[in-house]
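As a plain string of letters, each chain reads:
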Amino acid sequence: MTATPTTTSATASAANPTTLQALRRPRLLTTEVLAGVVTTLALIPEVISFSVIAGVDPTVSLMASVVLAISMSFLGGRPAMITAAAGTVALVVAPLVHTHGVQYLLPTIVLAGLVQIVFGVTGLARLMRFIPRSVMIGFVNALGILIFTAQLQHVLGVPAAVYPLFALTLVIVLVLPRITKAVPAPLVAIIVVTAIATIAHLAVPTVGDEGDTGGGLPGLTALQVPLDLETLRLIAPTALSVAFVGLLETLLTAKLVDDLTDSRSDKSRESWGLGIANILAGLWGGIGGCAMIGQTVVNVKLGRARTRISTLVAGVLLLVLVTVLSDLMEQIPMAALAAVMMVVAISTVDLHSVRPATLRRMPLSETCVMLVTVAVVVATSNLALGVAAGVLLAMVLFARRVAHVTTVERVVGEGIAEYAVRGPLFFGSSNDLVEQFAYAQDPPLVSVDFSAAQIWDASTVAVLDSLQSKYADHGKDVRFTGLDERSTRFHGRLTGTLN
């Protein structure tokens, strides 16, 4: 029986409850809160590691993550998506901090936030629909690889006591969901392993070894550089990179969560919300951030969170851990967090996309785009570069394919040659168009029918002008017919002005 729209809508609503619905149902509320707790624990080591990359104190990144997580819980357009001080932003700001000093971070992050607000308000976030599926799959697969390899340092060359804790965490995370889903398995694993390590006084690496996580609430970040054109010249390239890299990873993560939850997000709201959150994080924390896909997968897939409650809990709990319970947080073994993130990494990778049967069925061009995206991301540890490379290659391959679907048919009648052009006409297909006509052999009158074709760029208009000139040189008259209204206007505006 076919589901009616009402039935489908009711099913989607049940699978993706609103915040109010979750607040009114204790079971849903418990799920959201526990998911937020697990996500916070998965967030801490990543944020601390990224602070080292960026060249800032771990407390700076942790407090910025608190601001980002809490503010995006209210401002964001994608419920249940975690926003914090992320590695992509750390990679972008690192050269500026190392060369000119951490004092330039505040104006850089504020400027990046303003750019993101403009991006969201003007609706440019809708450009995300032009990212092909093959690039999206490459992005997800590369991210899974990066998350997995980032954990290897916590399980290689470490004390022998780490490995039983690591194995126990994996067993709990993988087996417990088959017994009960009342509580998130990662949370149980982290608590059990931390308790064992603490009671047995095991000498294993912990969160505390990654950096100082304690401290009280910081005040507003002090502006220590002059607001002049020289400062703007210095920070503008980095600020633009932070804005676009942050938006790219955030919007791609939002699209991934849309697919995981079978729901839609507001990309424009997510963009301007991220801009405001980054400004707040810069003013009260010191560094910016964006969506963190690994922790988001923990929240949505492992924690089964669907509302803003989970992200708010994550932000508030992180604040409590940093300001009040930092000593307790520092006791968590890194082996437990590494095991959880490795499970997340494997579940992030789209294994179906790399199966031999799938690769045999997929067009070679699609597979190449996915592999290039993965290769560039893994080689550079920069998601934005990988996506840009994948999109560029996809555009080139698409243009190449489309260029070969344009055809020209010629029929010679009594005193007239009739041509029929079929397919889209743009720089890739129209450059060869001029070679498809028999200028010397055609009768005095030539008609070219474009009923099944469209003109898309100035290159095509220039080619048609050249075609008319060649026929004129042979003393023949050529007429264009069948152009649709848009193509007619476009051709009329440019013809005769390009050569």
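Computed from a predicted structure; not experimentally measured.

Thoughts on the pairing of strand β6 (residues 477-481)
- Alternating residues of β6 divide into Val478 and Phe480, all buried, and Asp477, Arg479 and Thr481, none buried.
- By the bridge criterion, five bridges tie strand β5 (residues 445-455) to β6 in an arrangement that is parallel. Bridge pairing in β6 places Val446 opposite Val478.
- Handedness of the β5-helix α20 (residues 458-473)-β6 crossover: right-handed.

Some thoughts on the pairing of strand β3 (residues 407-412)
- Strand direction decides the pairing type here: β3 and strand β4 (residues 416-425), joined by six bridges, are antiparallel. Across the sheet, Val412 pairs through a bridge with Ala417, a residue of β4.
- Hairpin remark: β3 followed by β4, antiparallel, with three residues in the connecting loop; positive phi at Gly415, about 75 degrees.

Regarding the packing of aromatic side chains
- Overall, the coordinates contain seven aromatic pairs when judged by the stated rule.
- Taken together, a centroid distance of 6.4 Å and an interplanar angle of 85 degrees make the contact between Phe437 and Tyr471 edge-to-face. You can see Phe437 sitting in the loop between α19 (427-430) and β5 and its partner Tyr471 sitting in helix α20, a full 34 residues away along the chain.
- Taking the relative accessible area as the measure of exposure, Tyr471 reaches 0% and is therefore buried.
- Relative to Phe480, the ring of Phe450 has its centre 5.5 Å away and its plane inclined at 80 degrees; by these criteria the two rings are edge-to-face. Residue Phe450 is located in strand β5, and its partner Phe480 is located in strand β6; the two are separated by 30 residues in the primary sequence. Just as Phe450 is buried, Phe480 falls in that class too.
- Through pairs of rings, three or more aromatic residues link up here, namely Tyr419, Phe437, Tyr439 and Tyr471.
- Above the ring of Tyr439, the side-chain terminus of Lys470 is found at 5.9 Å from the ring centroid.
- Over the aromatic face of Trp456 sits the side chain of Arg486, whose NZ or CZ is 4.1 Å from the ring centroid.

Points about the packing of helix α6 (residues 105-121) against helix α11 (residues 267-283)
- Taken N-terminus to C-terminus, the directions of α6 and α11 make an angle of 165 degrees; their axes are 7 Å apart at the nearest point. Regarding the angle of α6 to α11, the classification is roughly antiparallel. Regarding α6 and α11, the two cross each other, and that crossing is left-handed. Each of Leu106, Ile109, Val110, Gly113, Leu114, Gln116, Ile117, Phe119, Gly120 and Val121 in α6 lies in contact with α11, whose residues at this interface are Ser268, Ser271, Trp272, Leu274, Gly275, Ile276, Asn278, Ile279, Gly282 and Leu283.
- Partitioned by chemical class, the residues of the contact of α6 with α11 number 12 nonpolar, eight polar and no charged.

With respect to helix α10 (residues 229-261)
- With 33 residues, α10 extends 46 Å between its outermost C-alpha atoms, agreeing within 8% with the 48 Å of an ideal straight helix rising 1.5 Å per residue.
- Of all the bends in α10, the greatest reaches close to 45 degrees and is centred on Ile235; the proline Pro237 follows between one and four positions later.
- In the stretch just after α10, Asp262 is the one whose phi turns positive, near 55 degrees.

As for the side chain of Thr307
- Tracing the chain through its elements places Thr307 in the loop between α12 (293-302) and α13 (308-323).
- Of the polar contacts made by the side chain of Thr307, one reaches the side chain of Glu32; its length is 2.9 Å.
- Contacts of Thr307, omitting those with residues within four sequence positions, involve Pro17, Thr18, Thr19, Ala22, Glu32, Pro79 and Ala80.

Focus on unusual backbone geometry
- Even without being glycine, Ala80 reaches a positive phi, approximately 75 degrees.
- Here Ala80 lies in the loop between α4 (58-75) and β1 (83-84).
- The backbone phi angle of Asp262 is positive, close to 55 degrees, even though this residue is not glycine.
- Structurally, Asp262 is set in the loop between α10 and α11.

Here we look at the nonpolar core
- Ranked by internal contacts, the top residues of the largest apolar core, which has 103 residues, are Val93, Ile131, Phe139, Val207, Leu252, Ile287 and Val387.
- By residue number, the principal contributor to this core is helix α15 (residues 334-348), which donates 12 residues.
- Ignoring sequence-local partners within four residues, the contact set of Leu252 consists of Met128, Ile131, Met136, Phe139 and Val387.
- Residues Ala417, Ala438, Phe450 and Leu464 belong to the second largest nonpolar core, which totals 23 residues.

Criteria and cut-off values
- Residues numbered from 1 in each chain as written.
- Predicted model: local features only at pLDDT ≥ 70, side-chain atom pairs only at ≥ 80, totals over all residues.
- Heavy atoms only, no water.
- Buried < 20%, exposed > 50% of the residue type's maximum accessible area, 1.4 Å probe, protein only.
- Helix = DSSP H or I, 4+ residues; strand = E, 2+ residues; numbered from the N terminus.
- Pairing = 2+ DSSP bridges.
- Right-handed = clockwise from strand over helix to strand, strands pointing away.
- Phe/Tyr/Trp six-rings, centres within 6.5 Å; stacked < 30°, edge-to-face > 60°.
- Lys NZ or Arg CZ within 6 Å of the ring centre and 35° of its normal.
- Axes fitted to C-alpha atoms, helices over the stretch in contact; angles between N-to-C directions.
- Parallel < 35°, antiparallel > 145°, perpendicular 65-115°, else oblique.
- Left-handed = near helix turned anticlockwise from the far one by under 90°.
- Contact = heavy atoms within 4.5 Å.
- Nonpolar A, V, L, I, M, F, W, Y, C, P; charged D, E, K, R; others polar.
- Expected span 1.5 Å × (residues − 1).
- Bend = angle between axes of the 7 residues up to and from the residue.
- Polar contact = N/O pair within 3.5 Å; in protein donor to acceptor, adjacent residues only side chain to side chain.
- Core = buried A, V, L, I, M, F, W, Y, C linked by side-chain atoms within 4.5 Å.

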